[in-house]
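A structural walkthrough
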Protein chains: 2
Amino acid sequence: MGVPLLKHLQDSVLSGVNPDLASERLTASFSVEKLTARLDGGAEHTRMRRAIVEAIESDPAFSRENQYFQSQNERYEAAVRRAVHLQKKMREMGWTENGPEIKYIYRWLSGDIAFLLHRVFMRSISVLGSDKQVAKWIPLATEHQIIGSYAQTELGHGTYLQGLETTAVFDIATQEFLLNTPKISAMKWWPGDMGRSATHTVVFAQLYVHGKCYGVHPFIVQIRSLQDHSPRPGVTVGDIGPKMNFEHTDNGYLMLQNVRVPRENMLSRFCEVQPDGTYVRWGSQKINYFTMTTVRISILSDEVILPLMKACTIAIRYSAVRRQSKLKPGEQEAKILDYQTQQQKLLPQLAAAYAFHFINIYLHELFDRGYQEIQGRNFDSLPELHAFSSGFKAMVTQYCTSGVEICLRACGGHGYSLLSGLPSLYTRVLASCIYEGENTVLFLQTARNAILLLITHKSEYETSACGLEYLSKFFQFSRLLSSSAAKLQHLIQSGAEKHEAWNQCTVQLVKAAQAHCHYITVKIFVETVEKLDNKAGIQKVMKHLCDLFALHGIFSNAGDFLYDGYLSGAQMDLVTASYLDLLAVIRMDAVPLVDAFDFTDKSLNSALGSYDGQVYQRLYEWAQKSPTNQQVSPAYGKYLKPLLQNRLSKL
Amino acid sequence: MGVPLLKHLQDSVLSGVNPDLASERLTASFSVEKLTARLDGGAEHTRMRRAIVEAIESDPAFSRENQYFQSQNERYEAAVRRAVHLQKKMREMGWTENGPEIKYIYRWLSGDIAFLLHRVFMRSISVLGSDKQVAKWIPLATEHQIIGSYAQTELGHGTYLQGLETTAVFDIATQEFLLNTPKISAMKWWPGDMGRSATHTVVFAQLYVHGKCYGVHPFIVQIRSLQDHSPRPGVTVGDIGPKMNFEHTDNGYLMLQNVRVPRENMLSRFCEVQPDGTYVRWGSQKINYFTMTTVRISILSDEVILPLMKACTIAIRYSAVRRQSKLKPGEQEAKILDYQTQQQKLLPQLAAAYAFHFINIYLHELFDRGYQEIQGRNFDSLPELHAFSSGFKAMVTQYCTSGVEICLRACGGHGYSLLSGLPSLYTRVLASCIYEGENTVLFLQTARNAILLLITHKSEYETSACGLEYLSKFFQFSRLLSSSAAKLQHLIQSGAEKHEAWNQCTVQLVKAAQAHCHYITVKIFVETVEKLDNKAGIQKVMKHLCDLFALHGIFSNAGDFLYDGYLSGAQMDLVTASYLDLLAVIRMDAVPLVDAFDFTDKSLNSALGSYDGQVYQRLYEWAQKSPTNQQVSPAYGKYLKPLLQNRLSKL
C-alpha cells in the first residue's frame, strides 16, 4: 500500500468513513463527478439539483427520519404536512410548478408526499379539457382552493377500461349528467388522494345520451364540501385500508348515487354533448387514455428507475463493508462484494439501472414530440406511443422490481430490516408492476401492435427504427415474434377461432414483447455509449456496463439463442466466460458507479447505504429509537409476569 | 347446462357462494375430500386436524381479524397473549407438546404467536445438553418459569459461524465462563423472543480455555431478572426495530459485558470443559450446528410451503371470480383464469406446492432416521444431511418466495392490498430465504459436497440414491456439475489458487446445485405418483401436476437442455407445446386442487381467497373497518382546511 493510499485511508478514518468503503473509492477508473454531471445532463444541472436538495434537506419539515416507525395514519398526516409545506417553500424559494427545479424536488421527495394525484387531476384537465375548462379549473387547483383526484379504476375493473360500470346519463331537462355506481363492483377503488383529502375528482364513466352508450368519458365531480369537507349528497367515500406500501397515500373508494354535475363538467377538448344531446367528436376516442399513456412514461424515472439506483447504492456499499467467510485461508474474512455470486447478483442490476436511465431519456424525447403533435390535433403517433409506453412500462417496472428484490436479498438479514431502506423501496416499486396497467396485458398490447405491423406492413416495419432487420442482428425477438405469428396462423387455418388462437399464443407473445423492449434498450445503450466522450474514463466504464447488460440478457435467456443454432454451445460458453470476466472488471468500479448517482444519506434513508459505510453503528443507533424500545410493553404485566411467576393456572 | 348443474348453481347463490366459483367445483375430475385425506396422511388425520382447527377458531382469543390494522407493538402484545392462552388451551383440551395435535395447532397459527424461539431454545438443549442439563432446564422451560431464546447470529456475522466474535473465557478460579461482546459487530442481533420477552438464551460464543480458542460453543445465559424482568448486570438487550414482517416477533439485540455463567451452563452432550480446564469431546464439532440443520428442514412445511399453498388458494379462487376483458367478442368479460398467461403464472406454482409437499415428507423421513443415528452417537450421516438440508432449504424457500410473489402480482391491485393476505404471505416467506443460512452459501455447500463426491468417490456417488446415472437420465445437473468441475480443474492447472478457482466457478456451481435439488424433487414426485391409488381420480390429476412441474422446469431452463444438443430445437417445441397444453387441462381442476388444501377462511384471512368467492363485498366491508376510516384525521384541521380556505399565506 503506497503512502498516498495510506494517507487517504487515514483521512477516511478521521472523517469517519469506514476504511473498507474508502478504499473502494481510490481505484475508480473514471471521474465520479463527471459521470454525475453526465447523468444530470450537464454540470450546471448538478449544481442546481444539489442546491435544491440542500434547501429541502436543511428544512426539518421534510425530514423522513421517523418514517420507518410510523403508522398509516401518521404517514398520511406527515405526507399532507409536507405537501402543504412544499407550497410555502416553493413560494419562498421562487420555484414554480413549470420551472426546472420541480423534477429535482419530486425526485428527492420520492413520492412520499400527498397531492400527487392532484397533479394527475390537473394534467388530465390540461390534456382533455376545453380551453374554457382549463381556464376555470386549473387556477383553482393550482391555488389549492380545490384538491383533485383521478377516479378511473373500479373495484371490479382495472386495465380493461371499456368494462367500467359507472354511468353518466345526460338529462336534457336539467342539462346535467346523472352519475351512478350501479353495483358494488362499479365502486371507484384505489384513486390516490381520494380516501381522505380530495374535494373533487375526475370520474371516468360510461356516457349515455338518449339511452345510447357512447363509451367511457371523464367528468369533473365534487365529492366533498369546501366548507366542512363532509361528503356531498349521494357520495360515499373513504379509505381502502392498509396496503403493502403507500401508507402515506389515502387511496380511496367512491360510490355515487344520483350525483348530478352540470353539462360543462364533461371534459370536452375532443368531444362534447351539446345542449340538445347531440354527441360531437373532434378527435380519436383513444385520446381519453392519453393521460394514462403519458403517466406510464412519466413514472419510470422517479417511481421505478430511481428505486433501483437507490437499492444498488445501498447493496453495493454494504457489500463493500460486510465481510463474511474467507476467500483465502488464513486471510481475514472477505468483503462479500469479492464473491462472484454477489457480483452476479448486484452488478447486472447496476448495469440495468444505467441502461434504463438512458432508455428513459429516449422515451421522454419520443413522448415530447408525440405530445406536441397531439396538441396540434395530429393523432397519427398515438398507436405507436401506446405500444411503446405499454411495453416499456411493463419491461422496466418488471426488471426494476426484480432488481430491487435481488439487492434486498443480497444484503441478508439486514436487508430485511426496514432500517435498511430496501423493504420500502421494494414494496413501492412492486406496485408499479400493477398500477397504470397490468404488465402482462401491456406486453400483449405491444405484441399485438408488432404482429399487426408484421402481418400488414412487413416492409414498412423492416425499415422502422426498431425494424426486424436490426432485431435479427442482435436479439431473438424476431424469431419469437415470427414463430408466434406462425403458430397463430397455423391455429386459425386448423379451424380455431381467432380469439382462441390468440389466447393460445399469449405466453410466447409476452416473451416476444419482452425481448423486443430489451433489444431496444440495448440498442439505445449502445448508441448512447458511442456518443460519449471518453475524457475522464466515462465511455470505457459505460461500455463495460453496456456489454454486461447485453451479455446478462443472453446468459439469462440462453434457450432463445441456442434453440435454432443462432448461437452454438461453444459460443454460449464464450458468452458465459465474457460475462463472468466482466463481473470482476466492473466490480473494481462498483462503489464509484453508485456514488455517481449522487444520493444524499437523507435521501437514501438507509442504515446500510450511507456514504460513510458505518453500517453496524447506525443500525444500533436507529434500532434504539424504535417505539418497541420506548414503551414498556403492556404484555409484560398482563401476560409474561403471571406466566413466569407460575401463576399459569390462575390466568 | 343440465338441470343438476343449474340446481347446484342455484343452491350456491342461496348459500352465498359466488356462482363463478361454484361452477368451478362441479367439474373436478377427482375427489377433493380424498385428496385432502391423502395430503393429511389419512382420513383420521384430516378429522383430527379439523377438530383442532375448529377448537382454535371458535376461541376468540386466537382471532386474527384485526391483524392487518395493528402496529408492531400491538402485534407483539397479541402474539404473547396468544402464546400464553395457548398453554391454557392445551391443558384444557389435553393436547401436549409431543402429541399428534401440535403440528396442526402450529400449522393453523402460521407462526403468528410468541415463544417460537423458546421452542428452539428447548430443542437445542435437548439435542446439545447433557442428561443433567436436560433434566434441569427442560422442565423449567416447559412450565414457562423461564422463557428462552437462541442467540447465534451477530450484527456482523451470520451464516459463517466460525466468524462469530462473542467470547466465553473459562475462569478456573471461579469455575465460570466470562462472556463478552468485544465490539459492536459482535452484538447478538435478530434472535426472536429476545428483544422484549426472554429471560434466558443460548449464546453461541468462541470458547477460550487457558488462552486457547476451541471454536464456537453454546452457553445458557440468563439475560433478565425473573422478579422484575430488568436486564441482568452486564446485559444490554432490546428490540431491533421494524422489519418487513414478523412485527409480532421481538427480534432482539444483546450485548454482554463480563457476564458470568457457571461451568455447568456450557451445553455438554458432546463436549465439556472439565473443572481443571481440560477440554473433552465425544462427538463431531459439527454437532453444534445440528440444531440449525434440523431447523432448516423443520421450517419448510409451515413457514415455506404452507404460504405457497395459501397464496395459490387465494390467487386461483380470485382468478375464477375476477373477470376482465373479452376472450370472445360479444361475450361477457372472461374469468382471468381462462387466459393462458394467467394459467402460466399460477398453475406451475400450484404444481410446485404439491411437489414440495411430497419432498418435504421425504426429507422428514430422512432426517428422522439421521436423528436416531446421531442419538446413538453415529455421526456418519451428518455431511449428507447437512448437504441435503442446505440445498433443499435454499431451493424450496427460493421457489416458494418467487411463487408467492407471482400469485400476489397475478391478483393485480387487489393483491397489493394487505386485506388480500398476499403481502404478508410474501414478506414472511421472503425471510425464509435469508434466515437459517443465506441461500447462495447453502447452495454452494451442497455443490461442494457433490463436487467432493464426484472427484473423490466417483463410483460410489454413481450408485447412491441421487447418483449421476439417474441424474443424466433426466436433468442437466450432471452436465452443469461436471462442466463446473472441469472448469475448476482447468483453472487450478493453469496456476490459479484453489480458493480463487472455486470463486470463479461459483455462479455455475449454484446453478448446478439448484438443478440437483430440482431433479430430486421431480424424482420424488414421480415416485409418489406411481405409488398413488387411482381410485377417485387422484393419481391422474397428480400425474398431470407432476408433468407440469417437470415440463415447467425444462421450459424455464431451456438453455441448459439445448446447450449440448441434449434436446433439439424440435424437441423443445414439443416440450413447450405439451407444457402449454397441460395448462389448459389442469386449469379445469385448479379450484378443486386448491380446495383440497382445506384452508378455512379464518386461516387464509384473505378478502380475495374465501371459499365463497364474495371478493368485492368482503374488500369493501373490511376496508370500512380500517383505522384510517375510524379517525377524523388531524390532517384536515391542521393542514387541509386552512389550505382550502385559501389561507395559504398564513400557514
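Residues numbered from 1 in each chain as written. Chains lettered and ligands numbered in written order. Predicted model: local features only at pLDDT ≥ 70, side-chain atom pairs only at ≥ 80, totals over all residues. Heavy atoms only, no water.

Stated precisely, the cut-off is as follows: UniProt positions are given in the numbering used here, feature names are shortened, and annotations may be inferred rather than shown by experiment.
As recorded in an unreviewed UniProt entry, chain A goes by Acyl-coenzyme A oxidase and comes from Apteryx owenii. In its Subcellular location (unreviewed entry) section, the UniProt entry covering chain A states "Peroxisome".

1. A word on the relation of the copies chain A and chain B
To be explicit about the condition: Least squares is the method for superposing the copies, and the C-alpha atoms it fits come from residues with pLDDT of at least 70 in both. Whether two residues are in contact is decided by their heavy atoms: any pair within 4.5 Å suffices.
When chain A is fitted to chain B, the best match, at an RMSD of 0.0 Å, comes from turning it 180° and sliding it 0.0 Å along the axis. Here the transformation between the copies is reduced to the relation of a two-fold axis. Identified as the residue of chain A closest to the rotation axis by C-alpha distance is A:Gly559, at 1.8 Å. With an isologous cut-off of 70% or more, the 100% of interface residues of chain A that recur at the interface of chain B puts this contact in the isologous class.

2. Comments concerning helix α8 (residues 131-142) of chain A
Residues and elements named next belong to chain A. Basically, it comes down to this: Helix and strand labels come from DSSP, where a helix needs a run of H or I of at least four residues and a strand needs a run of E of at least two; each type is numbered from the N terminus. One less than the residue count of a helix, multiplied by 1.5 Å, gives the span that helix is expected to have. Accessibility here uses a 1.4 Å probe with only protein chains present; expressed as a share of the type maximum, an area under 20% marks a residue as buried, one over 50% as exposed, and anything in between as partly exposed. Taking the helix axis as origin, the arc is that swept by the directions to the C-beta atoms.
With 12 residues, α8 should reach 16 Å at 1.5 Å per residue; the first-to-last C-alpha distance of 16 Å fits that figure. If you check which residues of α8 are buried, you get Gln-133, Trp-137, Ile-138 and Ala-141. What you see down the axis of α8 is that its buried residues fit within an arc of 105°, all on one side. Residues Asp-131, Lys-132 and Ala-135 are exposed on α8 and point more than 90 degrees away from its buried face. Buried residues in α8 make contact with α7 (116-128), β5 (200-209) and β6 (212-222). Phi turns positive one or two residues past the end of α8, at His-144, with a value near 60°.

3. Some thoughts on the domain arrangement of chain A
Residue and element names in this part refer to chain A. For the record, the criterion: Where each domain starts and ends follows an automatic or database-derived domain assignment. For any pair of parts, buried area is found by adding up, for both, the accessible area (1.4 Å probe) each one loses once the two are put together. Within this document, salt bridges are pairs made up of a side-chain nitrogen of Lys or Arg and a carboxyl oxygen of Asp or Glu, the two lying within 4 Å of each other. Each polar contact in these results corresponds to two N or O atoms within 3.5 Å; when the atoms are within protein, one needs to be able to donate a hydrogen and the other to accept it, and residues that are neighboring in sequence are counted only if both atoms are side-chain atoms. Put simply, Ala, Val, Leu, Ile, Met, Phe, Trp, Tyr, Cys and Pro go in the nonpolar bin, Asp, Glu, Lys and Arg in the charged bin, and everything else, Gly too, in the polar bin.
When the domains of chain A are assigned, the result is domain 1 (33-114), domain 2 (120-282) and domain 3 (291-594). Facing the 16 residues of domain 2 at the interface are 20 residues of domain 3. When the two sides are added together, the surface that domain 2 and domain 3 hide from each other amounts to roughly 1,400 Å², 60% of it contributed by carbon and sulfur. Linking domain 2 with domain 3 are zero salt bridges, by the criterion used here. The interface formed by domain 2 and domain 3 holds two residue pairs in polar contact (both at pLDDT 80 or more) in total. Looking at the side of domain 2 that touches domain 3, the element that brings in the most residues is α7, giving five residues. Tallied by class, residues from the side of domain 2 that touches domain 3 come to nine nonpolar, five polar and two charged.

4. As for the packing of aromatic side chains
Residues and elements named next belong to chain A. The cut-off we apply is this: Each Phe, Tyr or Trp ring, with Trp reduced to its six-membered ring, pairs with another whose centre is within 6.5 Å; inter-plane angles below 30 degrees give stacked pairs, above 60 give edge-to-face pairs, and intermediate values give tilted ones. Two limits define a charge over a ring: the Lys NZ or Arg CZ must be within 6 Å of the ring centre, and within 35 degrees of the ring normal.
Under the counting rule described, the total for this entry stands at 40 aromatic pairs over all chains. Each ring, one from Phe-388 and one from Phe-392, has its centre 5.6 Å from the other, and the planes form 25°; the classification is stacked. Remark: Phe-392 and Phe-388 occur in helix α11 (residues 382-410); sequence separation between them is four residues, near one turn of the helix. The pair formed by Phe-388 and Phe-392 is uniform in burial state, with each residue classed as buried. What links up through ring pairs into an aromatic cluster is the set Phe-356, Phe-358, Tyr-399, Phe-525 and Phe-549. We note Arg-25 situated over the ring of Tyr-611; from NZ or CZ to the ring centre the distance is 3.5 Å. Positioned above the aromatic ring of Tyr-106 is the side chain of Arg-119, whose terminal nitrogen or guanidinium carbon lies 3.8 Å from the ring centre.

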